[in-house]
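Here is what each chain is made of, one letter per residue.
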Amino acid sequence: MTSTNATACPHCGWPDGGEPFRGLSRHTTATGRTEWTRCWCGSLQVRVVDGRGTRVVSRGGPASGSAPARSDTASR
């Protein structure tokens, strides 16, 4: 998994704040919560929820061949 500063998934372009994403687990921490989720394309994400809001701090790639085509590149 890699850390991220992006606000959208680099694999499918889906915005980090957008639905759908699938929650896998939640864990309370001293400063808030850590959530493991899957993006719409299937990539694994680690989200931190704290006083600064919710943000994706690390993400992996989708399984080979499982990422759907982005709408802006599907017609090319």
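To be clear, the structure that these remarks concern was listed above.
Residues numbered from 1 in each chain as written. Predicted model: local features only at pLDDT ≥ 70, side-chain atom pairs only at ≥ 80, totals over all residues. Heavy atoms only, no water.

### Notes on the packing of aromatic side chains
Reasoning step 1: As enumerated under the stated definition, the model contains one aromatic pair in all.
Reasoning step 2: A ring pair is formed by Trp14 and Trp40, whose centres lie 5.6 Å apart and whose planes are at 20 degrees; its orientation type is stacked. Taken together, the residues span a long stretch of sequence, with Trp14 in the loop between β1 (2-3) and β2 (22-28) and Trp40 in the loop between β3 (32-38) and β4 (44-50) at a distance of 26 residues.
Reasoning step 3: Judged by relative accessible area, which is 42%, Trp40 ranks as partly exposed. (Phe/Tyr/Trp six-rings, centres within 6.5 Å; stacked < 30°, edge-to-face > 60°. Helix = DSSP H or I, 4+ residues; strand = E, 2+ residues; numbered from the N terminus. Buried < 20%, exposed > 50% of the residue type's maximum accessible area, 1.4 Å probe, protein only.)

### Details of the environment of Ala6
Reasoning step 1: Among the structural elements, Ala6 can be located in the loop between β1 and β2.
Reasoning step 2: Once residues within four sequence positions are removed from consideration, Ala6 is found in contact with Asp16 and Arg59. (Contact = heavy atoms within 4.5 Å.)

### Considerations on the environment of Arg47
Reasoning step 1: Relative to the assigned elements, Arg47 resides in strand β4.
Reasoning step 2: Taking relative accessible area as the criterion, Arg47 reaches 4% and is therefore assigned buried.
Reasoning step 3: For Arg47, the side chain forms a polar contact with the side chain of Thr37, separated by 3.1 Å. (Polar contact = N/O pair within 3.5 Å; in protein donor to acceptor, adjacent residues only side chain to side chain.)

### Quick notes on the side chain of Arg59
Reasoning step 1: Summarising the element assignment, Arg59 is placed in strand β5 (residues 53-59).
Reasoning step 2: Look at Arg59 and you get buried, because its relative accessible area is 2%.
Reasoning step 3: Separated by 2.9 Å, the side chains of Arg59 and Asp16 make a polar contact.

### Here we look at the pattern of salt bridges
Reasoning step 1: By the definition in use, this model includes four salt bridges.
Reasoning step 2: Where Glu35 meets Arg33, a salt bridge forms, and the shortest distance between an N and an O atom there is 2.8 Å.
Reasoning step 3: Its relative accessible area of 7% is what places Glu35 among the buried residues.
Reasoning step 4: Here Arg33 falls in the partly exposed class, since its relative accessible area comes to 28%.
Reasoning step 5: As a salt-bridge pair, Asp50 and Arg55 come within 3.0 Å of each other at their nearest N and O atoms.
Reasoning step 6: Owing to a relative accessible area of 25%, Arg55 belongs among the partly exposed residues under this scheme.
Reasoning step 7: The network of salt bridges with shared partners includes Arg26, Arg33 and Glu35. (Salt bridge = Lys/Arg side-chain N within 4 Å of Asp/Glu carboxyl O.)

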